[in-house]
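Each chain, letter by letter, is given below.
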Amino acid sequence: MARTEWGAFTSRLWKYQWLRKSSPQISDDIRETWYDLSQGIMDVIIKLFVLSQIRAVVTGIERITPTLMRKVYQDELKPIHPMIDALKSGDVTKIARYSDLTIPDIDKKC
């Protein structure tokens, strides 16, 4: 997994956590969830990572989980849901509704 661009990037970013109960290694489940929710868009990747850490501290769990990431995405990133859904669909017509969106060149499969 870490041999792909996505794998290498997420492994590197994962090291910048400041949570007390964080795992030193990112799991494939978290990596897949992260891609699913961000579709490889850098701004979304970073925001989701930071917001997930904040939520982990506030709730006291002090670690990022796929469930936590999905909850943060649902609660905090609602405005981008239609755009992410369009990218997930792969439907050119849906993607075209958002003229500034392109399908990222980053590896889609982990």
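Notes on the structure in this doc start here. (Residues numbered from 1 in each chain as written. Predicted model: local features only at pLDDT ≥ 70, side-chain atom pairs only at ≥ 80, totals over all residues. Heavy atoms only, no water.)

1. Looking at helix α3 (residues 42-59)
To keep it simple, the criterion reads: By the criteria applied, helices consist of DSSP H or I runs no shorter than four residues and strands consist of E runs no shorter than two, each listed in order from the N terminus. The span expected for a helix works out to 1.5 Å for each residue beyond the first. With a 1.4 Å probe rolled over the protein chains alone, any residue whose accessible area is under 20% of its type maximum counts as buried; one over 50% counts as exposed, and the rest are partly exposed. The directions considered for the arc run from the helix axis to the C-beta atoms. What makes two residues a contact is simply this: any of their non-hydrogen atoms within 4.5 Å.
Between the first and last C-alpha of α3 there are 26 Å, a value that for 18 residues agrees with the 26 Å anticipated at 1.5 Å per step. Considered for burial, the residues of α3 that qualify are V44, I45, L48, F49, S52, Q53, R55 and A56. Projection of α3 onto a plane perpendicular to its axis shows the buried side chains occupying an angular sector of 165°, all on one side. Of the surrounding secondary structure, the elements contacted by the buried residues of α3 are α1 (5-14), α2 (28-38) and α4 (66-76). G60 lies just past α3 and shows a positive phi near 85°.

2. Comments concerning the packing of aromatic side chains
The condition that has to hold: Planes of paired rings set the category: under 30 degrees apart is stacked, over 60 is edge-to-face and the rest tilted, where pairs are Phe, Tyr or Trp rings (Trp by its six-membered ring) whose centres lie within 6.5 Å.
Summed over all chains, the structure comprises five aromatic pairs. Between W6 and W34, the aromatic rings sit 6.2 Å apart at their centres with planes inclined by 70°, giving edge-to-face as the arrangement. Within this pair, whereas W6 is found in helix α1, its partner W34 is found in helix α2, the two being separated by 28 residues in sequence. Neither W6 nor W34 differs from the other in exposure class; each is buried. An aromatic cluster is defined as three or more aromatic residues linked by ring pairs; in this entry it consists of W6, W14, W34, Y35 and F49.

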